Amino acid sequence: MWSFLHTLSAPKNFYHWAGKILPIFWILTILLLSYGLIDGLFIAPADYQQGDGFRIIYIHVPSAVMSLMIYMIMVVAAAIYLIWRIKLADVIAKVSGPLGASFTLIALLTGSLWGKPMWGTYWIWDARLTSELILLFLYVGVIALRSAIPELDKAAKSSSILLLVGAVDIPIIHYSVNWWNTLHQSATLLQFAKPTIAPDMLYPLLAMLGAFFCYYLAVMLMRARCELLVRERKSSWVKKLISYRNWEIKNDNN
Amino acid sequence: MTITDIQNFFYMGGYAVYIWPAYVITAVILLSSFFYSFVLKKKILKQLNDQNETAA
């Protein structure tokens, strides 16, 4: 397995391998999204306390989980880059930034819209919400730091270090509902016990989680391929690719 | 599926004003992210092609 991963770390191999498995992730995304949305919006029964208002869960929880998961993926990628200098790891860390920030923003906005009818407020400075907002600032900071530095290697190193320092926020977000007296409810899924949510409501939630994860993988691979094309533009395989596409376009026009 | 059923679905037990904007915002952000990747690839291919042609 390690030798397979090692061959994959070469940009040319990764570009072609990613291009091949991308459609799988799109198909999975669409399938999981269809099941999750139809079951979640139509079939899952209304909550005895929140009524139909709980259905925001099918967007809020998956995006919040993804906001944390993508940050952890970026942390692993940044560590791999700093330790072993594998450039592909830096590419993955770079392209995952905006995606993670998008999911964090979605989690905050949908949570806010859920909070207004249930808690009576759009926002509160409790531990979970505040630490998730800090996560958004961390994402934006990492993206901004990387674009502010023109040298590729320096930018990669600086943003990796900022990312690793900010990683302390992840356990804070996760355990905030246990450590502090928060308005946000405590964990039902990601706890070391059986989930306390009803199965009818749980399965579409898991499907939406899977859908968001496959979506992230698909878009991340697309953007990683774009980034590799730019970084490796002087190499022969990119030049060949471009001239082949050019030839294709010319011949289609004739 | 009567008209009343469809109306009830959109009404979402009174929470429609919170639920539908949440879903729409999510769809807008995720779809625009996806389309941006497409546009980016086209732009890069075109830019690299122009570079190759000026260099050649």
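Read on for an overview of the structure. (Residues numbered from 1 in each chain as written. Chains lettered and ligands numbered in written order. Predicted model: local features only at pLDDT ≥ 70, side-chain atom pairs only at ≥ 80, totals over all residues. Heavy atoms only, no water.)

## So, the overall build of chain A
Helices and strands together make up the secondary structure of chain A, namely 9 helices and 0 strands. When the elements of chain A are put in sequence order from the N terminus, they spell out α-α-α-α-α-α-α-α-α. C-alpha extents for chain A along the principal axes are approximately 60 × 45 × 35 Å. The burial tally for chain A puts 47% of its 254 residues in the buried class. A sequence separation of at least 24 residues applies to 75% of the contacts in chain A between residues at least 6 apart. Counting only carbon and sulfur atoms, one obtains 68% of the accessible surface of chain A, whose full area is about 13,100 Å². (Helix = DSSP H or I, 4+ residues; strand = E, 2+ residues; numbered from the N terminus. Buried < 20%, exposed > 50% of the residue type's maximum accessible area, 1.4 Å probe, protein only. Contact = heavy atoms within 4.5 Å. Areas by Shrake-Rupley, 256 points an atom, 1.4 Å probe, with all protein chains shown as cover.)

## Quick look at helix α2 (residues 11-43) of chain A
Residues and elements named next belong to chain A. The end-to-end C-alpha distance of α2 is 45 Å, a good match for the 48 Å that 33 residues give at a rise of 1.5 Å each. In α2, a bend of some 30° at Ile21 exceeds every other bend along the element, and Pro23, a proline, comes one to four places later. Inspection of α2 places Phe14, Tyr15, Ala18, Ile21, Leu22, Phe25, Thr29, Gly36, Asp39, Gly40 and Leu41 among the buried residues, and these make up the whole buried set. (Expected span 1.5 Å × (residues − 1). Bend = angle between axes of the 7 residues up to and from the residue.)

## Focus: empty space enclosed by the protein
Residues and elements named next belong to chain A. Here the structure, examined in full by the defined rule, presents 1 cavity of 30 Å³ or more. There is about 30 Å³ of room inside the largest cavity. If you go around the largest cavity, the residues you meet are Met74, Ala78, Ala93, Val142, Arg146, Ser159, Ser160 and Leu163. Of all elements in the fold, only α3 (57-84), α5 (127-148) and α6 (152-166) reach the threshold of two or more residues within the lining of the largest cavity. Among the elements that line the lining of the largest cavity, the one with the most residues is α6, at 3 residues. Its residues assigned to classes, the lining of the largest cavity shows 5 nonpolar, 2 polar and 1 charged. (1 Å grid on protein atoms, 1.4 Å probe; cavity = no way out; pocket = protein on both sides within 12 Å on 5 of 7 lines; lining within 4 Å. Points joined across faces, edges and corners; volume = space filled by probe spheres on them. Nonpolar A, V, L, I, M, F, W, Y, C, P; charged D, E, K, R; others polar.)

## Looking at the side chain of Thr110(A)
Relative to the helices and strands, Thr110(A) resides in helix α4 (residues 87-119). Judged by relative accessible area, Thr110(A) falls into the buried class, the value being 1%. In contact with Thr110(A), other than residues within four places in its own chain, are Ile56(A), Ile59(A), His60(A), Ser63(A), Ala22(B) and Thr26(B).

## Quick look at the environment of Met208(A)
All names here are of chain A. For Met208, the position within the fold is in helix α8 (residues 199-231). Overall, Met208 belongs to the buried group, its relative accessible area being 0%. Sequence separation of Met208 and Gly36 is 172 residues, and the distance between their C-alpha atoms is 5.2 Å. Among all residues touching Met208, those that are not within four sequence positions of it are Leu33, Gly36, Leu37, Tyr58, Ile59 and Pro62.

## Looking at the packing of aromatic side chains
Per the counting criterion, the structure on display carries 20 aromatic pairs over all chains. Residues Tyr244(A) and Trp247(A) carry aromatic rings whose centres are separated by 5.8 Å and whose planes lie at 20° to one another, so their mutual orientation is stacked. Separated by 3 residues within a single helix, Tyr244(A) and Trp247(A) lie in helix α9 (residues 236-253), roughly one turn from each other. Among the aromatic side chains, those forming a connected cluster through ring pairs are Trp26(A), Phe103(A), Phe212(A), Tyr215(A), Phe34(B), Phe35(B) and Phe38(B). The side chain of Arg85(A) reaches across the aromatic face of Tyr81(A), ending 5.3 Å from its centre. Here the basic side chain of Arg225(A) rests over the ring of Tyr15(A), its NZ or CZ set 4.0 Å away from the ring centre. (Phe/Tyr/Trp six-rings, centres within 6.5 Å; stacked < 30°, edge-to-face > 60°. Lys NZ or Arg CZ within 6 Å of the ring centre and 35° of its normal.)

## A word on a nonpolar patch on the surface
Residues and elements named next belong to chain A. Taken together, the side chains of Met1, Trp2, Phe4 and Leu5 present a nonpolar region at the surface, about 520 Å² in accessible area. Along the chain, Leu5 falls in helix α1 (residues 2-8). Accessibility expressed as a relative area gives 37% for Leu5, which makes it partly exposed. (Patch = residues over 30% accessible without salt bridge, like charges linked within 9 Å, V, L, I, M, F, W, Y side chains within 5 Å. Salt bridge = Lys/Arg side-chain N within 4 Å of Asp/Glu carboxyl O.)

## Things to note about the interface of chain A and chain B
Each partner contributes residues to the interface: chain A has 41 residues there, and chain B has 28 residues. Between chain A and chain B, the buried area comes to about 3,000 Å², and carbon and sulfur atoms account for 75% of it. Inspection of the region where chain A meets chain B yields 0 salt bridges. In this assembly, chain A and chain B are joined by 6 residue pairs in polar contact (both at pLDDT 80 or more). Contributions of two or more residues to the side of chain A that touches chain B are made by α2, α3, α4, α8 and α9 of chain A. The greatest single-element share of the side of chain A that touches chain B, amounting to 11 residues, is contributed by α4(A). A per-class count over the side of chain A that touches chain B returns 26 nonpolar, 6 polar and 9 charged. (Buried area = accessible area lost by both parts, 1.4 Å probe. Polar contact = N/O pair within 3.5 Å; in protein donor to acceptor, adjacent residues only side chain to side chain.)

## Overview of the layout of surface pockets
Residue and element names in this part refer to chain A. Roughly 1,100 Å³ of volume is contained in the largest pocket. Lining the largest pocket are 39 residues; nearest its centre among them are Ile57, Val61, Trp114, His184 and Gln185. For the lining of the largest pocket, the elements supplying multiple residues, two or more each, are α3, α4, α5, α7 (169-179) and α8. Of all the elements, α4 adds the most residues to the lining of the largest pocket, at 8 residues. Looking at the lining of the largest pocket residue by residue, the class counts come to 23 nonpolar, 13 polar and 3 charged. Within this model, the second largest pocket holds a volume of roughly 670 Å³. What lines the second largest pocket is a set of 22 residues, and nearest its centre among them are Leu5, Ile80, Leu88, Ala89 and Ile92. Elements that contribute at least two residues to the lining of the second largest pocket include exactly α1, α2, α3, α4 and α8. For the lining of the second largest pocket, the residue count by class is 20 nonpolar, 2 polar and no charged.

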